[in-house]
Amino acid sequence: MRPPVAIVVAAVLGALYSVVLGWVGVQLLYEYVSGTGQIGAEHLTMSGGKGLTLCALLFLAGGVASLVGGIRLITRRQRRLVLVPLVLVLVIGAIGEIVDVATGASASANLIGAGVLVLAALPVALLATRGSRRWLGSGENGPPGKPPDVRRGLDRPGRHERGR
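A brief structural summary. (Residues numbered from 1 in each chain as written. Predicted model: local features only at pLDDT ≥ 70, side-chain atom pairs only at ≥ 80, totals over all residues. Heavy atoms only, no water.)

**Concerning the overall build of the protein chain**
Of the regular secondary structure elements, the protein chain holds 6 helices and 0 strands. Counting over 164 residues, the protein chain shows a buried share of 27%. When the accessible surface of the protein chain is split by element, carbon and sulfur atoms take 68% of a total near 10800 Å². (Helix = DSSP H or I, 4+ residues; strand = E, 2+ residues; numbered from the N terminus. Buried < 20%, exposed > 50% of the residue type's maximum accessible area, 1.4 Å probe, protein only. Areas by Shrake-Rupley, 256 points an atom, 1.4 Å probe, with all protein chains shown as cover.)

Following this line, the structure appears as structure tokens:
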């Protein structure tokens, strides 16, 4: 059974988001090491540098998880690795947007933040559709050792097939 369009779009968007997360992580590390940009090494204390490095590594890990998750979504029907980085972006980004709006950030900054949140929410919403959940739970071509539809009891004969 082929994956529905919503699954394919969610996997592609998750993979594209992995590129963005990876790029942000690399950019943070580059600016820290080279001393350029807003977060150059001269502006940070030792603990600030450790925090920035940890943040950059988390962005890189999120990018890898999102890329691997997009592949596993199609091949193994596992959505966890796609959802975790995107939900984290949504939660942290929503808090950041609230702070931006409350502190009077520019309209362009608010629109960019809203765009980031919408692009992270789209794959999450696509994976929550009924067709996506049905395909993910069907078990066909799933991980080995899991017979299809055991949870729902669909592998057992119905009342009309058992006889009385």
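**Comments concerning the layout of surface pockets**
Each pocket or cavity is described by its volume, and for the largest pocket that value is around 680 Å³. As for the largest pocket, its lining consists of 23 residues, of which Leu21, Phe59, Leu88, Val89 and Ile92 are closest to the centre. Listed by contribution, the elements that provide at least two residues to the lining of the largest pocket are helix 1 (5-34), helix 2 (46-75), helix 3 (80-102) and helix 4 (107-127). Across the lining of the largest pocket, the residue classes tally to 17 nonpolar, 4 polar and 2 charged. (1 Å grid on protein atoms, 1.4 Å probe; cavity = no way out; pocket = protein on both sides within 12 Å on 5 of 7 lines; lining within 4 Å. Points joined across faces, edges and corners; volume = space filled by probe spheres on them. Nonpolar A, V, L, I, M, F, W, Y, C, P; charged D, E, K, R; others polar.)

**Focus: the packing of helix 1 against helix 2**
Relative orientation of the contacting elements helix 1 and helix 2 amounts to 160°, with a least axis distance of 8 Å. When the axes of helix 1 and helix 2 are compared, the pair comes out roughly antiparallel. At the point where helix 1 passes helix 2, the crossing takes the left-handed sense. For the contact of helix 1 with helix 2, a count of residues per class yields 20 nonpolar, 10 polar and no charged. (Axes fitted to C-alpha atoms, helices over the stretch in contact; angles between N-to-C directions. Parallel < 35°, antiparallel > 145°, perpendicular 65-115°, else oblique. Left-handed = near helix turned anticlockwise from the far one by under 90°.)

**Here we look at helix 3**
An ideal rise of 1.5 Å per residue puts 33 Å on 23 residues; helix 3 measures up with 33 Å between its terminal C-alpha atoms. Considering only its buried residues, helix 3 is in contact with helix 1, helix 2 and helix 4. Backbone geometry just downstream of helix 3 places Gly104 in the positive-phi region, at approximately 80°. (Expected span 1.5 Å × (residues − 1). Contact = heavy atoms within 4.5 Å.)

**Brief notes about the packing of aromatic side chains**
Tallying each qualifying case throughout the model produces 0 aromatic pairs. In this structure, Arg77 packs its charged tip against the face of Trp135, placed 3.9 Å from the ring centre. (Phe/Tyr/Trp six-rings, centres within 6.5 Å; stacked < 30°, edge-to-face > 60°. Lys NZ or Arg CZ within 6 Å of the ring centre and 35° of its normal.)

**A few points about the side chain of Arg77**
By the secondary structure assignment, Arg77 is in the loop between helix 2 and helix 3. Within the local environment of Arg77, its side chain forms a polar contact with the backbone oxygen of Trp135, the two atoms lying 2.4 Å apart. (Polar contact = N/O pair within 3.5 Å; in protein donor to acceptor, adjacent residues only side chain to side chain.)

**Here's the deal with a nonpolar patch on the surface**
Where nonpolar side chains cluster on the molecular surface, the patch consists of Val84, Val87, Leu88, Val91, Ile92, Ile95 and Val99 and spans about 610 Å² of accessible area. Inspection of the secondary structure puts Val99 in helix 3. (Patch = residues over 30% accessible without salt bridge, like charges linked within 9 Å, V, L, I, M, F, W, Y side chains within 5 Å. Salt bridge = Lys/Arg side-chain N within 4 Å of Asp/Glu carboxyl O.)

**Some remarks on the nonpolar core**
Core analysis: the largest hydrophobic core is formed by 18 residues, its most contacted members being Ile7, Tyr17, Leu73, Ala120, Leu127 and Leu136. If you tally residues by element for this core, the top one is helix 1, at 6 residues. If we ignore the near neighbours within four places in the chain, the residues touching Leu73 are Ile7, Ala10, Ala11, Gln78, Arg79, Val82, Leu127, Trp135 and Leu136. (Core = buried A, V, L, I, M, F, W, Y, C linked by side-chain atoms within 4.5 Å.)

**Overview of helix 4**
The terminal C-alpha atoms of helix 4 lie 31 Å apart, and with 21 residues this matches the ideal 30 Å at 1.5 Å per residue to within 8%. Considering bend angle alone, the principal kink of helix 4 is centred on Ala121 and spans about 25°; proline Pro123 follows within four residues of it. All of the buried residues in helix 4 are Asn110, Gly113, Leu117, Ala120, Pro123, Leu126 and Leu127. Where helix 4 is buried, its residues contact helix 1, helix 2, helix 3 and helix 5 (130-138). (Bend = angle between axes of the 7 residues up to and from the residue.)

**Some thoughts on the side chain of Asn110**
Tracing the backbone shows Asn110 in helix 4. The class for Asn110 is buried, based on a relative accessible area of 18%. Among residues more than four places away in sequence, those in contact with Asn110 are Glu97, Asp100, Val101 and Ala105.

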